[in-house]
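In case you want the letters, here they are:
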Amino acid sequence: SRMAELPRGSWLYYLEIGAKIHPLEWPLVYAVFPFTVFCLTPPPLSQLFRANALVQTLLFLPLVQLPALLTSKLIYVDIGWPLGLCGIALTALTSGEGWWLRRWVASTLLLLHGARMAIGAVAMFGSASNFTFRFDEDLPRYRFARVRWEKEHGMPASRWWLKVQHDTMQQGFANATLLATPVFLAATNPTPHLAPLEVFGWLLWLGAWGFENTADVQKLLFLSECKAKAAAIASDSTLTPEAKAAAKRELSLSCLGMPPFAGSKYSVWTLCRHPNYFGEWGSWVGLVVAAAPSLFAVCGTSESGRYLVPSMGLVLGYVLRLFYDCLVWWTGAGPAEHFSGLKRPLYREYQRTVRCFWPAFIPSLPGMEHHMEPGWPHAKQ
């Protein structure tokens, strides 16, 4: 474990970034990357970053930080961060000085990316709370974060509110710096033609975004079918109350991606256990790839280009590194499977037979982790 060297109760957990990011990497995120994007980039680009920092601050303070402070719940970040992506896209579109076609395409893709999640979050959380946005409990993945804070890290429950503020601010900080980098580079690139790599990156985004949307649609179909079956069980007059209770219990233990929910209707969930997370990560791979030509066009021509190109290239690389850590370890697959494995025995078989993050159509390469252990992330063989 990358945090194994930290003793339980260490004050460094207040500064922890993600779940598997080494403490030696933290200065990059806290200091080096912000200094690079705000102070070292050419004026058209640095001005976009500064304007975006204001946008993210105005979004996160009322929509995320204040509700999180009052409730000690992280759920509000699921509304704030996609709205922040929309803010990045609109800032790039309206204030970028690059070639209009590149600026419009890059901004539109990110706007679609953020708007889909923002609309879904507002609709889902709103309907669940009668649009009061007051919640009795946090999302399971954030409840797991609290378990990890108290039980694994040995941190005081009374300081959880402080960790909530840190983690939500961390997302706003990411929106203001790293996550804005791909589209801001594209929005300031004046080259009046597209490079093949840009087109390839955008097509990659489209494929990954479609994969993520397919996963979400199939999950909704699964939930709808379970609801319909539960209603059918309740209305079946031939079943005894005991038989109805047993059938409902069996249905509640069903696992998307395992029979009977493993046919063509649920195909992507048979490829990996979290196709929606892989699609999200793949979308950002596409945006980063598409930004590579703009990295050289915008930063390579400046006086400090010799140093700025590799520095901003590292920023782009960390977009993918931090997303992977988030989607697998921090608030993604690991936290989700913690509760699924505890509640549903069939899910443990799903873990044993299906990859976690990387779909089956991607060759297994050295260093890839598939986490095919029953009980992961706390496997007990």
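These lines cover the structure that appears in this document, whether it is placed above or below. Note that the structure is predicted; figures quoted are calculated from it, not measured. (Residues numbered from 1 in each chain as written. Predicted model: local features only at pLDDT ≥ 70, side-chain atom pairs only at ≥ 80, totals over all residues. Heavy atoms only, no water.)

### Digging into the packing of aromatic side chains
How two aromatic rings sit relative to each other is set out by the distance from centre to centre and by the angle between their planes.
Piece 1. Overall, the coordinates contain 27 aromatic pairs when judged by the stated rule.
Piece 2. A centroid spacing of 6.0 Å and a plane angle of 75° characterise the contact between Trp281 and Phe357, whose relative ring orientation is edge-to-face. Note that Trp281 is positioned in helix α11 (residues 275–299) and Phe357 in the segment after α14 (345–353), a separation of 76 residues in sequence. Across the pair, Phe357 and Trp281 agree in class, each one buried. (Phe/Tyr/Trp six-rings, centres within 6.5 Å; stacked < 30°, edge-to-face > 60°. Helix = DSSP H or I, 4+ residues; strand = E, 2+ residues; numbered from the N terminus. Buried < 20%, exposed > 50% of the residue type's maximum accessible area, 1.4 Å probe, protein only.)

### Quick word on the packing of helix α4 (residues 100–128) against helix α8 (residues 196–235)
Piece 1. One way to put it is that α4 packs onto α8 with a least axis distance of 12 Å and a crossing angle of 15°. Taken as axis vectors, α4 and α8 run roughly parallel relative to one another. Considering how the two elements wind past one another, α4 and α8 form a crossing that is left-handed. Counted together, Arg102, Val105, Ala106, Leu109, Leu112, His113 and Arg116 of α4 and Glu198, Trp202, Trp205, Trp209, Glu212, Asn213 and Asp216 of α8 form the full contact between these two elements.
Piece 2. For the contact of α4 with α8, the per-class residue count stands at 7 nonpolar, 2 polar and 5 charged. (Axes fitted to C-alpha atoms, helices over the stretch in contact; angles between N-to-C directions. Parallel < 35°, antiparallel > 145°, perpendicular 65-115°, else oblique. Left-handed = near helix turned anticlockwise from the far one by under 90°. Contact = heavy atoms within 4.5 Å. Nonpolar A, V, L, I, M, F, W, Y, C, P; charged D, E, K, R; others polar.)

### Some details on the state of the cysteines
Piece 1. Counted by the stated rule, this structure contains 0 disulfides.
Piece 2. The thiol of Cys226 is unpaired, and the distance to the nearest cysteine sulfur, on Cys255, comes to 10 Å. (Disulfide = S-S within 2.5 Å.)

So yeah, pure geometry; function would need other evidence.
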